[in-house]
Amino acid sequence: MTTFLVNSNLMKGHLNIILFLGILFLVSGCYRIMSSDGGGQLSYDPDRRNIDPADVLLPEGYEIEVVARDLTFPTAVTFDEQGTPYVIEAGYSYGEVFLEPKLLRVEPDGSRTTIFTGEINGPWNGVTYYNEHFFISEGGELKGGKILKVNKEGEAEVLVDGLPSLGDHHTNGPVIKEGYVYFGQGTATNSGVVGLDNAEFGWLYRYEDFHDIPCKDILVNPLTFETENVLTDASDDIAVTGPFSPYNKTVEPNQVIEGALPCTGAIMRIPVDGGDLELVAWGFRNPYGMAVAPDGEIYITQNSYDVRGSRPVWGTGDLLWKLEKNRWYGWPDYNGSHKITNLEVPGKDSPAPVMAQYPEEPPHPVATFGVHSSSNGISFSTNKNFGFNGQAFVAQFGDMAPGVGKVLAPVGFKVVRVDVDSGIVEEFAVNKAVKNGPATWLKSGGLERPVSVSFNPSGDALYIVDFGIMTMTDKGPNPMKKSGVIWKVTKQDQ
Amino acid sequence: MESNEAGSIRRTGIIFLLLCILFLGVRMSSCSAPKTAPLAQVVEMPTESLQQGRVLFNEYCASCHPGGMAGVGLAIINKPLPEDVIEFQIRNGIGVMPAFNDKMLSDEEVENIAEYLVYLRKGKKGEKVEH
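Conventions used here
- Residues numbered from 1 in each chain as written.
- Chains lettered and ligands numbered in written order.
- Predicted model: local features only at pLDDT ≥ 70, side-chain atom pairs only at ≥ 80, totals over all residues.
- Heavy atoms only, no water.
- Buried < 20%, exposed > 50% of the residue type's maximum accessible area, 1.4 Å probe, protein only.
- Helix = DSSP H or I, 4+ residues; strand = E, 2+ residues; numbered from the N terminus.
- Pairing = 2+ DSSP bridges.
- Disulfide = S-S within 2.5 Å.
- Axes fitted to C-alpha atoms, helices over the stretch in contact; angles between N-to-C directions.

**Student:** Outline the pairing of strand β31 (residues 450-455) of chain A, listing residues and values.
**Tutor:** A regular strand places its side chains on the two faces of the sheet in alternate fashion. Residue and element names in this part refer to chain A. Of all six residues making up β31, six are buried, and the element is well covered by its neighbours. Judged from the five bridges that link them, β31 and strand β32 (residues 461-466) form a sheet pairing that is antiparallel. The partner of Phe455 across the bridge, within β32, is Leu462. Remark: five residues form the turn of the hairpin made by β31 and β32, two consecutive strands paired antiparallel; Gly459 in that turn has positive phi of roughly 75 degrees.

Here it is as structure tokens:
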């Protein structure tokens, strides 16, 4: 009888575990039929933005306030010698909205004074102040990327132009180090192949021959990707496209794609007073945020792959890199130290390798962020009174699901901090709610889409640039003008 | 005979119903991990294994389950999974979640991650350290 009871209990225990695993399997197996629930996928059309600092959750002892509001697509803040903040409005947003980009001084009452207005060739993705000049990364969606140097009187010069920014990703950064302007250049495509996703962005119709350019010679596999040919009127016309090639062009077996400068997916630099362009490192996807750490090293955030286009890639978290000169960082076959060719795309095969030979094994990333979190602007805490001295603060713009791929809950929409020694990521500023998401998704007045962060020169305040509302519709991204905000976080007991 | 068949059909129906309820329960809870205030200081875990688990979680798991919450994957700190089941899932992968073999993670590392996840689920935060 006792034996029977013991056996019976053991059986029940095993059955419970089997049942639990069965349920897990059932749930996981249904992933493909689960709908996406991204932060931009709203069930209503927000007609205005609510702003309420009380809706933002911060560590105990910190406070947040609004510095400026009603900005249109703000992307970055910098400070002059006196600590006066300046903000840039990008002048372009996904969703094909083209405006004039602007450099604005933010007055104490939150109003703005225009310092310089650029030509319609955004997005301006970054600005930094150095030696009485503003250095601006001009995204260059229409005419190619540039690095601009602007003085306080609004006189501008172009340090470099013709950067390959006509595609998915643009010219980013910049930071100044040892007399050089370092900047990032994003890739033309998601994973090396021009396809229908690029037509949906809009640029393929403008620049039919645009494609990724490697920084050094690479040997590629003769992969072919078939799509409907969107550049012809015939409904049954097929386009066959190879990697690192224009749309509807293929590569031959053993073909070497010649490297060039400027190139896509790279960090490059140029002297602050102008001069020759130099390659620093390559093999990035979209190196967006850049910052110089207290130890003088440059750190970079990278937006990783999306589940879109002819070569979709699933499950790759955004990355934080430490910049090492002359290294190759793995795109388009790695994410961090992991080969994406081992990552099965739900319902599809794993991506085939594009490159037949690799220059080296990519470095190990400093930290990994949420998949589709769009981890963007970065700044380091250097003031012990503010706290977290030496840690990196990163703005997470938040997912653009379902365009970038499916998420089961909103990802990002907050500011996190990173211990760059251990790679541990912790939340710093996030909306108050049971669930995570942007303010419009939560129907609150908190953070919407933090796109960059910057400590002021004294390091006692963290400025968060909040791009504003961008919903995701059947037609793609739908950004709202005059919904951007600059927030300021301070510690009360310093 | 008919009575036995009817009973069997009834039992099958009840099991199916229970599975549906459990499925919906897990699905509904997948996105609602509890949110707590961000940490106001640098913390360390009370044991070396928990600290190791925290670092490994950030490297291998957090991209799909940021902070243990739902993202590309389901939330994993709002379900009463025992450590053994978590370890089984890490090793074998289920559904779209990839398996992490012993070349990627040692047995000890898998145990550390499972221990850390259970610790997180209990709402513990760690111990303050100077910074």
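**Student:** Residues and numbers for the state of the cysteines, please.
**Tutor:** With the rule as written, the count across this model stands at one disulfide over all chains. Here A:Cys215 connects covalently by a disulfide to A:Cys263, the sulfurs 2.0 Å from one another. Handedness here is read from the sign of the S-S torsion; for A:Cys215 and A:Cys263, about 90 degrees, the answer is right-handed. Pair noted here: A:Cys215 is in the loop between α3 (203-206) and β15 (218-219) and A:Cys263 is in the loop between β18 (256-257) and β19 (266-271), with a separation of 48 residues, a long-range link. On the accessibility criterion, A:Cys215 (10% relative accessible area) is buried. Considering cysteine sulfurs only, B:Cys64 is the nearest to B:Cys61, which forms no disulfide, with 8.9 Å between them. The exposure class assigned to B:Cys64 is buried, which follows from its relative accessible area of 16%.

**Student:** Give a detailed account of the sheet that holds β31(A), specifying residues and quantitative values.
**Tutor:** Residues and elements named next belong to chain A. Read from one edge to the other, the open sheet built from four strands follows the order β2-β35-β32-β31, with strand pairing classed as antiparallel. Only two strands of the sheet have a single partner each, and these edge strands are β2 (62-71) and β31. Adjacent strand axes in the sheet meet at a mean angle of 20 degrees when their direction is disregarded.

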